[in-house]
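# Chains, contacts and geometry: an overview
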Amino acid sequence: MTVFFVGAGPGDPDLLTIKAAKVIEACPVCLYAGSLVPAEVVARAPEGARVMDTAPMTLDDTHAEILAAHAQGYDVARVHSGDPSLYGAIAEQVRRLEADGIPYEIIPGVPAYAAAAAALGQELTIPEIAQSVVLTRMSMKSTSMPDGETLENFARTGATLAIHLGVRAMREIERQLIPYYGSDCPAVVAYRVGWPDQKLIRGTLSDLREKVRDEKITRTALILVGPALGRVRDFRDSALYDPDRPHVLRPRATAR
């Protein structure tokens, strides 16, 4: 048997990859994060499958289910929201699987920051404006951040920031980022991207907190910050399609 860590994407069942859908449809055991994965995603599980919401379960509980499936030779779809590589808490699960000699495979999914950018209708990397995206989070009451991984350090780069688990720390985000980005820097809170009640709240570092408070958003939100999020129109085209810059797939510049 194999344990498949499946990235279910941000919420829209149509954003499942074909491979992810096929795995869920084939596995006789399906463990999913019910607070973040829509019921429509796991409704693909085969008739008679053991489908369990892991939200109220501990790591020991979920591993016990996997051990039971392993003993019966049943494949397991371990369904996570977004992409398993980002805050998916799969590392501790993988550690246990490897200790018990249980094979596993990871199937990527659409991450929240990519879905948010698509919903906003824009690119996060604009030539000469921002060419990097930093995926980070606020520590709050969860696991502390490693030394050096601070918002101030990331802000010094001027990159587009995608901040997870931070909607309850908007004041602190303002305090740390305004000295580097300025109070009028564009910022967005993307709430439940891909779900029917999705909200995209645009603002600046100085006024976004108040807008979020008015919407009573306290969880399940991603914060994007950076100059690339503005209605930027004054930037040069990338060199990718520049006729004066041939490359290996376009060895000769196109005649004008």
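What counts, and where the lines are drawn
- Residues numbered from 1 in each chain as written.
- Predicted model: local features only at pLDDT ≥ 70, side-chain atom pairs only at ≥ 80, totals over all residues.
- Heavy atoms only, no water.
- Pairing = 2+ DSSP bridges.
- Helix = DSSP H or I, 4+ residues; strand = E, 2+ residues; numbered from the N terminus.
- Axes fitted to C-alpha atoms, helices over the stretch in contact; angles between N-to-C directions.
- Buried < 20%, exposed > 50% of the residue type's maximum accessible area, 1.4 Å probe, protein only.
- Contact = heavy atoms within 4.5 Å.
- 1 Å grid on protein atoms, 1.4 Å probe; cavity = no way out; pocket = protein on both sides within 12 Å on 5 of 7 lines; lining within 4 Å.
- Points joined across faces, edges and corners; volume = space filled by probe spheres on them.
- Nonpolar A, V, L, I, M, F, W, Y, C, P; charged D, E, K, R; others polar.

A separate point is the sheet that holds strand β1 (residues 3–7). In a beta sheet, neighbouring strands are held together by backbone hydrogen bonds and run either parallel or antiparallel to one another. Reading across from one edge, β3-β2-β4-β1-β5 is the order of the five strands in this open sheet, with parallel pairing throughout. Edge positions in the sheet fall to β3 (50–53) and β5 (104–107), since each has one partner strand and no second. Each neighbouring strand pair of the sheet contributes to a mean axis angle of 15°, computed without reference to strand direction. Looking at chain direction, β1 and strand β4 (residues 76–80) are connected through five bridges and run parallel. Counterpart to V6 in the pairing with β4 is V79.

Along the chain, P84 turns up in the loop between β4 and α4 (91–99). On the accessibility criterion, P84 (2% relative accessible area) is buried. If we skip the residues at most four places from it in the chain, P84 touches F5, V6, G7, I90, I106, I107, P108 and G109.

Quick look at the layout of surface pockets now. A volume near 1400 Å³ is recorded for the largest pocket. Looking at the lining of the largest pocket, the elements with two or more residues in it are α3 (59–72), β4, α4, α5 (112–120) and β10 (221–225). The residue makeup of the lining of the largest pocket, split by class, is 21 nonpolar, 18 polar and seven charged.

The subject of this paragraph is the sheet that holds strand β9 (residues 199–204). Taken together, five strands build an open sheet; the order of strands is β6-β7-β10-β8-β9 and the sheet is mixed. Both outer strands of the open sheet, β6 (133–137) and β9, are each paired with one neighbouring strand and no more. Taken pair by pair, the neighbouring strands of this sheet meet at an average axis angle of 20°, ignoring direction. Two elements, β6 and strand β7 (residues 160–164), share five bridges in a ladder whose sense is parallel. Opposite V133, over in β7, you have T160 as the bridge partner. Against the sheet, α5 engages β6, β7, β8 (186–191), β9 and β10, with an angle of about 70° to β10. This element, helix α7 (residues 170–181), spans β7, β8 and β10 of the sheet and lies at about 170° to β7.

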